[in-house]
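Here are the chains, one letter per residue:
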Amino acid sequence: MDLQELYRMVIMDHYKNPHNKGLVDLDGYKKLHLNNPSCGDDMTVEVKLNGDVIEDIRQDGHGCSICCSSASVMSELLKGKTKEEATKLVEKFYAIVTGASVDNEDELEEALAYKGVSQFPARVKCATLAWKAFERAIKEE
Ligand code: FES
């Protein structure tokens, strides 16, 4: 199996079996809704902080396989990280989906599957929608 095929499998697996899907609507969660103006798809992310640590992330929305799977991957990768660690990973993710090279890209774990998105600029908004919602949610805390 080549790397591209592995990445495709990661994306399809998270699309079919999304992690942390469904909103809890509870106190203590910061909720942020964003939509992709180019297609109308939308994503809502809820973030619960415990001090400086991302204790929980929930996500729900409607979108293409890239958008919905990326929300699932994001929620898994960033849960348990500090705000600072998570912010660095989000920036790293933005870099790889736009084709920039980054140090220690393995830190992105399954999110590396979206590297190929850089060849399809129209899909960058799909891949980053949930990550932008997360980023805004922790900034507004
Ligand atoms: Fe709408 Fe991807 S086509 S988010």
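A. Up close: the environment of lysine 48. Within the secondary structure layout, lysine 48 lies in strand S2 (residues 42-50). Overall, the relative accessible area of 25% leaves lysine 48 in the partly exposed class. A C-alpha to C-alpha distance of 16 Å links lysine 48 and histidine 19, two positions 29 residues apart in sequence. Leaving out residues up to four positions away in the same chain, lysine 48 has contacts with Gly28, Tyr29, Val53, Ile54, Glu55 and Asp56.

B. Here's a closer look at the layout of surface pockets. Considered as a void within the structure, the largest pocket measures approximately 280 Å³ in volume. Lining the largest pocket are 13 residues, with Arg8, Ile11, Ile66, Ala113 and Val117 sitting closest to its centre. Counting residues per element, the ones that place at least two in the lining of the largest pocket are helix H1 (3-16) and helix H2 (65-78). Top contributing element to the lining of the largest pocket by residue count: H1, with five residues. Of the residues that constitute the lining of the largest pocket, the class distribution is eight nonpolar, three polar and two charged.

C. Focus on a negative patch on the surface. A cluster of acidic side chains, namely Asp13, Glu76, Glu109 and Glu110, defines a negative patch on the protein surface. Assignment of secondary structure puts glutamate 110 in the loop between helix H3 (83-97) and helix H4 (124-139). By relative accessible area, which is 38% here, glutamate 110 ends up partly exposed.

D. Summary view of the environment of serine 101. As for its placement among the helices and strands, serine 101 is situated in the loop between H3 and H4. Along the chain, serine 101 and leucine 34 lie 67 residues apart, while their C-alpha atoms are 27 Å from each other.

Rules used throughout
- Residues numbered from 1 in each chain as written.
- Predicted model: local features only at pLDDT ≥ 70, side-chain atom pairs only at ≥ 80, totals over all residues.
- Heavy atoms only, no water.
- Helix = DSSP H or I, 4+ residues; strand = E, 2+ residues; numbered from the N terminus.
- Buried < 20%, exposed > 50% of the residue type's maximum accessible area, 1.4 Å probe, protein only.
- Contact = heavy atoms within 4.5 Å.
- 1 Å grid on protein atoms, 1.4 Å probe; cavity = no way out; pocket = protein on both sides within 12 Å on 5 of 7 lines; lining within 4 Å.
- Points joined across faces, edges and corners; volume = space filled by probe spheres on them.
- Nonpolar A, V, L, I, M, F, W, Y, C, P; charged D, E, K, R; others polar.
- Patch = residues over 30% accessible without salt bridge, like charges linked within 9 Å, V, L, I, M, F, W, Y side chains within 5 Å.
- Areas by Shrake-Rupley, 256 points an atom, 1.4 Å probe, with all protein chains shown as cover.
- Salt bridge = Lys/Arg side-chain N within 4 Å of Asp/Glu carboxyl O.
- Lys, Arg positive; Asp, Glu negative; His and termini not counted.
- Charge placed at Lys NZ, Arg CZ, Asp CG, Glu CD.

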